[in-house]
Amino acid sequence: MSGSGGAKVNVNLLVMPAGLRRKIEAEGAAAYPNECCGILIGRDVSGRRLVERLEPGQNVFAADERYHRFSIDPRAQLKADREAEAEGRVVLGFYHSHPDHPARPSEYDREHAWPFYSYVIVAIAKGKPADMTSWVLDDKTNQFLAQKVVAED
Ligand SMILES: [Zn+2]
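All values derive from a computational prediction rather than experimental measurement.

How each quantity is defined
As a convention, each chain's residues are numbered from 1 in the sequence order in which they are written. In keeping with the predicted nature of the model, local features appear solely for residues at pLDDT of at least 70, side-chain atom pairs appear and are counted solely at 80 or more, and the whole-chain, interface and lining totals rest on all residues. Remark: hydrogens and water are excluded; side-chain values derive from all non-hydrogen atoms of the structure. Keep in mind that water is not among the atoms, so a site may look incomplete; donors are the N, O and S atoms within 2.8 Å of the metal, or 3.2 Å for Na, K and Ca. In this scheme the shape depends on donor count and angles: four donors with every angle between 85 and 135 degrees give tetrahedral, four or six donors with opposite pairs above 155 degrees and others between 65 and 115 give square planar or octahedral in turn, and any other case is irregular. Only DSSP runs of H or I covering at least 4 residues are called helices, and only runs of E covering at least 2 are called strands; the numbering of each starts at the N terminus. Think of it in three bands: residues with accessible area under 20% of the maximum for their type are buried, residues over 50% are exposed, and the middle band is partly exposed, with areas taken using a 1.4 Å probe on protein chains only. We count a salt bridge whenever a side-chain nitrogen from Lys or Arg sits within 4 Å of a carboxyl oxygen from Asp or Glu. For two strands to be treated as a pair, DSSP must find at least two bridges joining them. For every element, the axis is a line fit to its C-alpha atoms; helices are fit only across the contacting stretch, and the angle between N-to-C directions ranges from 0 to 180 degrees. Residue contacts are defined here by distance: any two heavy atoms, one from each residue, within 4.5 Å place the two residues in contact.

Caption draft 1: Inspection of the coordination of the zinc ion at higher detail. Within the first shell, the zinc ion binds the protein through His96 (NE2), His98 (NE2), Asp109 (OD) and Asp109 (OD), at distances of 2.1 to 2.6 Å. Taken together, the 4 donor atoms coordinating the zinc ion span angles of 54 to 156° at the metal, a pattern that classifies the geometry as irregular. Expressed as a motif, the donor residue spacing for the zinc ion is H-x1-H-x10-D. Placement of the pair is His96 in strand E4 (residues 90-99) and Asp109 in helix H3 (residues 107-111), with a sequence separation of 13 residues. Neither residue differs from the other here; His96 and Asp109 are each classed as buried.

Below you can see the structure in the form of structure tokens.
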């Protein structure tokens, strides 16, 4: 069963184990005042979207823009796709941090988002992890819908 297949997934919910959440928070704090970014890998099973591991990415955006922009190397994305497939998993989405900004997608984030994927944002306030949110682009309205992030269901 592939993540983009016909199976109906509850996109209102993202299951993120506490250990992985802490990892994203730590990466965000370490990258501060720049943005960290990476790939969420896991499975859509029985209608739930479960993150099982992370693939930290390099922010390949120009150095003087990394405080408010992120971009993951397309080769790293391709590699993550292949590795996930070999493990019976899929790329579920991406995460990045918002240094000293709320955990809400920017207009830039929305314009660069694809349907299906979960976009996790962690706010880093003065170097310390704050809120974590997740968003999915609605392919009809082209707007982000909030996904609830839970440690387990
Ligand atoms: Zn952003």
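So, next bit.
Caption draft 2: Focus on the pattern of salt bridges. Tallying each qualifying case throughout the model produces 10 salt bridges. Among the salt bridges present, the one from Glu52 reaches Arg89, with a minimum N-O distance of 2.7 Å. Of this pair, Glu52 sits in strand E3 (residues 48-57) while Arg89 sits in the loop between helix H2 (74-86) and E4; the two residues are 37 residues apart in sequence, bridging distant segments of the chain. For Glu52, a relative accessible area of 21% corresponds to the partly exposed category. One salt bridge connects Arg53 with Glu87, and the closest N-O pair in it is separated by 2.9 Å. Of the two residues, Arg53 is situated in strand E3 and Glu87 in the loop between H2 and E4; the sequence distance between them amounts to 34 residues.

Caption draft 3: Up close: the sheet that holds strand E7 (residues 143-150). Strand order around the closed barrel formed by 7 strands is E1-E3-E2-E4-E5-E6-E7, with mixed pairing between neighbours. Between one strand axis and the next, the sheet turns through 40° on average, direction left out of account. Strands strand E2 (37-45), E3, E4, strand E5 (118-125), strand E6 (128-138) and E7 of the sheet are contacted by helix H1 (residues 18-31), whose axis makes an angle of about 30° with E3.

No statement about biological role is implied by the geometric values presented.
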